[in-house]
Amino acid sequence: MGIQRIMIAGVPVDICRSENLENEVLELLAKPGTKQILFLSVWNLLKARRNSEYAECVRNADLVLPVSKSIIRGARFLKKSIPVRYNPFNAVIEILSVLESHYKSVYLLGARKMTLQKAESNVRSTFPSLQIVGRYVGYYPKYAEEAVVEAIYKASPSLVLVSEGIKEKDFWAYRRRNQFASSIFVYYRDALGIFSERIKRVSEKTFNNGLEIYSEIFHNPFKIFLIFPYLCYIIILVWYRLFKK
């Protein structure tokens, strides 16, 4: 069974069983042009409802994987098919494992120089058969943009892993989708930080219980105010349940 795309509060979410992820990645590799795998949090879902360009970015993504437990609860509340929730870093590991098993390549984009170098070293040791065909730091100046795009185009990697320091985040690949030959783009802010061991992963227990927001609040207390958009999300779900078919 392939991917099933459902709509939650007007935003697309894909149902991709973990056992089907490898096949989906291989199918994306076989497609020409720029492809995008997008991790959708409940905050991104709300962003897609108010930002038309981001909504278009999500709709055009080849694979939209939910990462928030609230999205799963929302699907259940709206009596939709229930998506599979992904831990973003675990999903990145799975994708890289698929690429390694088929002798594919990756390009690392983002982070500071030391973090990027350490991340590259750890990716090489963890996935020895995976080709790292290039890397470029994040936080680069505007004048370096053309060189970054050209380097990725020439390397033509199977996957471009985009991380911190790329301020456009998911938009980066979407806005430049016509400038690359054939690559999958994945943005996950903490990917290179975790690979470099600079950032500590959220524990599986915390993630499985949907409590990762408390870790974020601990590091940034202002995130406590996310309670207000979350309440808005609840109201939107109730409205869809009562008035939308």
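This text follows the structure it describes.
A few words now on the overall build of the protein chain. Counting its secondary structure elements, the protein chain contains 12 helices and eight strands. If you line up the protein chain on its principal axes, its C-alpha atoms span 50 × 40 × 35 Å. Taking all 245 residues of the protein chain together, the buried fraction comes to 48%. For the protein chain, long-range pairs separated by at least 24 residues make up 78% of all intrachain contacts whose partners lie at least 6 apart in sequence. Summing over all exposed atoms, the protein chain offers an accessible surface of approximately 12800 Å²; the carbon and sulfur share of this is 54%. Separation between the mean location of the 36 positive side-chain charges and that of the 22 negative ones in the protein chain comes to 7 Å.

Within strand β2 (residues 11-15), five of the five residues are buried, leaving the element largely enclosed by the surrounding structure. Side chains of β2 alternate between two faces, with Val11, Val13 and Ile15 and Pro12 and Asp14 buried alike. The pairing of strand β1 (residues 4-8) with β2 spans five bridges and is antiparallel. The residue of β2 that forms the bridge with Met7 is Pro12. Connecting β1 to the next strand, β2, in antiparallel fashion are two residues, including Ala9 with a positive phi near 55°.

Our focus in this paragraph is a nonpolar patch on the surface. A contiguous nonpolar surface patch, about 580 Å² in accessible area, is contributed by Phe77, Ile234, Val238, Trp239, Leu242 and Phe243. Per element, the largest residue contribution to the nonpolar patch is five residues, and it comes from helix α12 (residues 227-243). Relative to the helices and strands, Ile234 is located in helix α12. Assessed through its relative accessible area of 34%, Ile234 is described here as partly exposed.

In this section: the packing of helix α1 (residues 21-30) against helix α5 (residues 88-101). Any two packed helices are characterised by how steeply their axes cross, that is the angle between the axes, and by the distance between the axes. Taken N-terminus to C-terminus, the directions of α1 and α5 make an angle of 65°; their axes are 10 Å apart at the nearest point. Handedness of the α1/α5 crossing: right-handed. Taking contact as the criterion, the partners of Leu21, Glu22, Val25, Leu26 and Leu29 in α1 are, on α5, Glu94, Ile95, Val98, Leu99 and Ser101. For the contact of α1 with α5, the class distribution of residues is seven nonpolar, one polar and two charged.

In this section: the environment of Val186. Tracing the backbone through its elements, the reader meets Val186 in strand β8 (residues 182-187). Taking the C-alpha atoms as reference, Val186 lies 5.9 Å from Val162; in sequence the two are 24 residues apart. What Val186 contacts, discounting residues up to four positions off in sequence, is Ile37, Phe39, Val92, Ile95, Leu159, Val160, Leu161 and Val162.

Time to look at the pattern of salt bridges. Scanning all chains against the criterion turns up 14 salt bridges. One salt bridge in this structure joins Asp62 and Lys31, with 2.8 Å as the shortest N-O distance. Here Lys31 lies in the loop between α1 and β3 (33-40) and Asp62 lies in the loop between α3 (52-60) and β4 (63-66), a separation of 31 residues in the sequence. Its relative accessible area of 23% is what places Asp62 among the partly exposed residues. Residue Arg176 is joined to Glu145 by a salt bridge in which the shortest nitrogen-to-oxygen separation is 2.4 Å. Residue Arg176 is located in the loop between α8 (170-175) and β8, and its partner Glu145 is located in helix α7 (residues 145-155); the two are separated by 31 residues in the primary sequence. In this structure Arg176 comes out as buried when scored by relative accessible area, which is 8%. Within the structure, one salt-bridge network assembled from shared partners comprises Glu53, Glu145, Glu168, Arg175 and Arg176.

What counts, and where the lines are drawn
- Residues numbered from 1 in each chain as written.
- Predicted model: local features only at pLDDT ≥ 70, side-chain atom pairs only at ≥ 80, totals over all residues.
- Heavy atoms only, no water.
- Helix = DSSP H or I, 4+ residues; strand = E, 2+ residues; numbered from the N terminus.
- Buried < 20%, exposed > 50% of the residue type's maximum accessible area, 1.4 Å probe, protein only.
- Contact = heavy atoms within 4.5 Å.
- Areas by Shrake-Rupley, 256 points an atom, 1.4 Å probe, with all protein chains shown as cover.
- Lys, Arg positive; Asp, Glu negative; His and termini not counted.
- Charge placed at Lys NZ, Arg CZ, Asp CG, Glu CD.
- Pairing = 2+ DSSP bridges.
- Patch = residues over 30% accessible without salt bridge, like charges linked within 9 Å, V, L, I, M, F, W, Y side chains within 5 Å.
- Salt bridge = Lys/Arg side-chain N within 4 Å of Asp/Glu carboxyl O.
- Axes fitted to C-alpha atoms, helices over the stretch in contact; angles between N-to-C directions.
- Left-handed = near helix turned anticlockwise from the far one by under 90°.
- Nonpolar A, V, L, I, M, F, W, Y, C, P; charged D, E, K, R; others polar.

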